[in-house]
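Breakdown of the fold
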Amino acid sequence: MKICTWARSIGHHARDVLRLLFIALLALLIIVPNCSGGDEGAGEDGSALTGALAGRSLVLVVADSLHATHLGTYGSARDTSPFIDRLAGRGVRVDRALSQTSWTLSSITSLFTGLAQERHGVLRLQERLAEDGPTTLAELFRRKGYRTVGLVQNAVVGEESGLGRGFDRYTYHRFTHEGGEELVNDAARELAADDGPLFLYVHFGPPHMPYQPPEPFLSRFLGDAESAITGSINDTATITRDKLAPTHPDVRRLVELYDGHIAYFDDLLQRMVEPALSSPEGVGPAVLVTSDHGEAFMQHGAVGHNYFVYEPMVRVPWILVAPGAVPEGVVLPGPTSLLDTLPTLADLFDLPLPGSRLDGRSLAASFERPEPVEDRALHLSSRYGKEAGNEQLALVEGRWKLVVGKRDTPGLFDITEDPEEQFDLADRDPERVAEMLARLEEQRAAAADANATAGEASMSDARKRDLEALGYGGEAFESVEDR
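Residues numbered from 1 in each chain as written. Predicted model: local features only at pLDDT ≥ 70, side-chain atom pairs only at ≥ 80, totals over all residues. Heavy atoms only, no water.

1. Looking at the overall build of the protein chain
- Within the protein chain, the secondary structure is distributed over twelve helices and 21 strands.
- In the protein chain, buried positions account for 57% of the 483 residues.
- When contacts within the protein chain are restricted to residue pairs at least 6 apart in sequence, those whose partners lie at least 24 apart make up 72%.
- Summed over its atoms, the accessible surface of the protein chain is roughly 20000 Å², and 52% of this surface lies on carbon and sulfur atoms. (Helix = DSSP H or I, 4+ residues; strand = E, 2+ residues; numbered from the N terminus. Buried < 20%, exposed > 50% of the residue type's maximum accessible area, 1.4 Å probe, protein only. Contact = heavy atoms within 4.5 Å. Areas by Shrake-Rupley, 256 points an atom, 1.4 Å probe, with all protein chains shown as cover.)

2. Details of unusual backbone geometry
- The omega angle of the peptide bond from methionine 209 to proline 210 is 0°, so this bond is cis rather than trans.
- Considering the arrangement of structural elements, one finds proline 210 in the loop between strand S7 (198-204) and helix H7 (233-241).
- Following glutamate 215, the chain continues to proline 216 via a peptide bond in cis, the omega torsion being 10°.
- Assignment of secondary structure puts proline 216 in the loop between S7 and H7.
- Phi at methionine 298 takes a positive value of approximately 70°, unusual for a residue other than glycine.
- Locating methionine 298 in the fold gives a position in the loop between strand S9 (296-297) and strand S10 (303-304).
- Exposure remark for methionine 298: the relative accessible area of 4% places this residue in the buried category.

3. Some points on the sheet that holds strand S18 (residues 411-414)
- Across the sheet, four strands lie side by side as S15-S16-S17-S18; this open sheet has antiparallel pairing. Each edge of the sheet is formed by a strand with only one pairing partner; in this case those strands are strand S15 (378-381) and S18. On average, each strand axis in the sheet is inclined to that of its neighbour by 20°, with strand direction left out of account.
- Bridge count between strand S16 (residues 393-397) and strand S17 (residues 400-404): five bridges; the pairing is antiparallel. Its bridge partner being in S17, alanine 394 is matched across the sheet by valine 403.
- Packing of helix H11 (residues 430-448) onto the sheet brings it into contact with S15, S16, S17 and S18, and relative to S16 it is tilted by some 110°. (Pairing = 2+ DSSP bridges. Axes fitted to C-alpha atoms, helices over the stretch in contact; angles between N-to-C directions.)

4. Focus: the pairing of strand S12 (residues 318-321)
- With burial as the criterion, each face of S12 is covered, one bearing Trp318 and Leu320 and the other bearing Ile319 and Val321.
- Relative to S12, strand S2 (residues 92-94) is paired through two bridges, and the arrangement is antiparallel. Bridge pairing links valine 92 to leucine 320 in S12.

5. Thoughts on the nonpolar core
- Core analysis: the biggest nonpolar cluster contains 56 residues, and Phe199, Tyr201, Trp318, Phe349 and Phe367 have the highest contact counts within it.
- Tallying contributions element by element places helix H10 (residues 341-349) first for this core, with five residues.
- Excluding residues within four positions of it along the chain, phenylalanine 199 makes contact with Leu58, Leu60, Leu137, Ala138, Phe141, Tyr146, Arg147, Thr148, Val149 and Phe167.
- Residues Leu71, Met209, Phe217 and Met272 belong to the second largest nonpolar core, which totals 51 residues. (Core = buried A, V, L, I, M, F, W, Y, C linked by side-chain atoms within 4.5 Å.)

6. Looking at the sheet that holds strand S1 (residues 58-63)
- In space, the eight strands of this open sheet follow the order S6-S5-S7-S1-S8-S12-S2-S13, with mixed pairing throughout. If you trace the sheet from one side to the other, it starts and ends with strand S6 (169-172) and strand S13 (330-332), each paired once. Taking the axes of each pair of neighbouring strands and ignoring which way they run, one obtains an average angle of 10° across the sheet.
- Each of S1, S7 and strand S8 (286-290) touches helix H8 (residues 249-277); the most contacted strand, S1, lies at about 175° to it.

7. Side note on the packing of aromatic side chains
- Throughout the structure, instances matching the rule amount to 15 aromatic pairs.
- Judged by centre distance (5.3 Å) and plane angle (70°), the ring pair of phenylalanine 141 and phenylalanine 349 falls under edge-to-face. One end of the pair, phenylalanine 141, is in helix H5 (residues 137-143); the other, phenylalanine 349, is in helix H10, with 208 residues separating them in the sequence. Assigned by exposure class, phenylalanine 141 and phenylalanine 349 land together as buried.
- Taken together, Phe112, Phe141, Tyr146, Phe167, Tyr170, Phe199, Tyr201 and Phe349 form an aromatic cluster joined through their ring pairs.
- Directly above the aromatic system of tyrosine 74 lies the positively charged group of arginine 93, at a separation of 4.6 Å from the ring centroid. (Phe/Tyr/Trp six-rings, centres within 6.5 Å; stacked < 30°, edge-to-face > 60°. Lys NZ or Arg CZ within 6 Å of the ring centre and 35° of its normal.)

8. Overview of the packing of helix H2 (residues 82-89) against H8
- The N-to-C vectors of H2 and H8 enclose an angle of 45°; their axes lie 8 Å apart at closest approach. Comparing the axis directions of H2 and H8 gives the class oblique. Taking contact as the criterion, the partners of Pro82, Phe83, Ile84, Arg86 and Leu87 in H2 are, on H8, Phe265, Asp266, Leu269, Gln270, Val273, Glu274 and Leu277.
- Class assignment of the residues belonging to the contact of H2 with H8 gives a composition of eight nonpolar, one polar and three charged. (Parallel < 35°, antiparallel > 145°, perpendicular 65-115°, else oblique. Nonpolar A, V, L, I, M, F, W, Y, C, P; charged D, E, K, R; others polar.)

9. Focus on the pattern of salt bridges
- With the rule as written, the count across this model stands at 28 salt bridges.
- Among the ionic pairs, glutamate 131 bridges to arginine 128, the shortest N-O distance being 3.3 Å.
- Among the residues examined, glutamate 131 registers a relative accessible area of 59% and is labelled exposed.
- Salt-bridge contacts for arginine 169 lead to aspartate 186; the nearest nitrogen and oxygen are separated by 2.7 Å. Here arginine 169 is found in strand S6, whereas its partner aspartate 186 is found in helix H6 (residues 177-192), with 17 residues between them in sequence.
- Each member of the salt-bridge network shares a partner with another, and the members are Arg147, Arg169, Asp186, Arg189, Glu190 and Asp195. (Salt bridge = Lys/Arg side-chain N within 4 Å of Asp/Glu carboxyl O.)

10. What about the environment of valine 184?
- Relative to the helices and strands, valine 184 resides in helix H6.
- Exposure remark for valine 184: the relative accessible area of 3% places this residue in the buried category.
- For the pair valine 184 and phenylalanine 204, spaced 20 residues apart in sequence, the C-alpha to C-alpha distance is 9.3 Å.
- Setting aside its immediate chain neighbours within four residues, valine 184 contacts Phe204, Leu268, Arg271 and Met272.

11. Here we look at the pairing of strand S5 (residues 147-152)
- For S5, the buried fraction is high: six of the six residues fall into the buried class.
- Taking every second residue as pointing to the same face, both faces of S5 are buried, with Arg147, Val149 and Leu151 on one and Thr148, Gly150 and Val152 on the other.
- Pairing of S5 with S7 involves six bridges; the strand directions are parallel. What sits directly across from threonine 148, in S7, is phenylalanine 199.

Quick look at the structure:
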């Protein structure tokens, strides 16, 4: 009898111990993230997609100066982007992705490092990513055994920029129609090569100014407005100088030419990647299409980018396609940042993250649970001029955006209701302005504490020539003011 009682007691205790072990194991699975990347692995968010693209090739496509809302999938009434629109339906699209800054060199450096421009230190055209600077995306892929190839059509991010670090080959193709064809053919050869996984970075010149694509794209969207505008660099500078309204025929003509330039890029992109994407699911490359910054057309008194961080100058496309691995037809509301690109790719491709703290976060978990992002503050800053304090700054928190600099008082905008920041609400909500100003200053101070350093970029005659074709000039090759 005692033996039976003891046995029953042991049985009860064993069940209690097993129950406790099960609860502890369950808690561990919930709390501990997927650690597939090792001590510095990428799966910090515990996403089921962590490592889903490991070993697969990636084509990172940057279309220079592409403002998202000029694409069909982002609401354009013109048929500027039929191929990109189809890509968006096959993958994940971020509705409101923002570049951290509004000029090319610093934005691409941020894209490659996951760091705001104040932290990587490349703030001016004459600077370059330091040799001992932060780890780049290309270096992460190469450490994982990838071939790494960069093909660029913008001299700003040419070899002198330091962004070639981590690439097995980094080739510049001039920003001409012939150069565009050469770039597409070069990329197609790399994608067709059967030589292991490939990280291919392709930086197209279009639709950057001058807005002069070849036919049939040049005249595709021209209306009946009387205008002599040809889309030249001089046209853009003259329109800004004369302070024309966005509705002026010359500005409307400039937008028509810009949209034709987008259609030209869309055609180049299709010819470059469509053959590779026709591979069986799970075999072809993943493709990420984005831009370094947007482009404005006098919404705030200027054409182009560089000196402002208003939405037309910083809202960019972000579309990721990976048939058989990434969900299709998903739209992430945002706001998100180009700074999220490196941690997202590290998560999906199981790359070891660099040791330094990143300014972005992985979006992979959101692919399955797309929700508006309300729990973060995004710090934006324009290109830094020769004189300190001349930049424009912004803080984005959900639908709210605070813009400071280059005006007497801070501006507060509700982007949901006012996507082009035409109605300043600062006087109606001074408490929100004060709170956001304090948080913006905290972010600025944190970035300044990083003690970032940059190298000095060379300015060869060839680079000067190619930069002049993009609108850069003057002794220090500063851009035409306010472009």
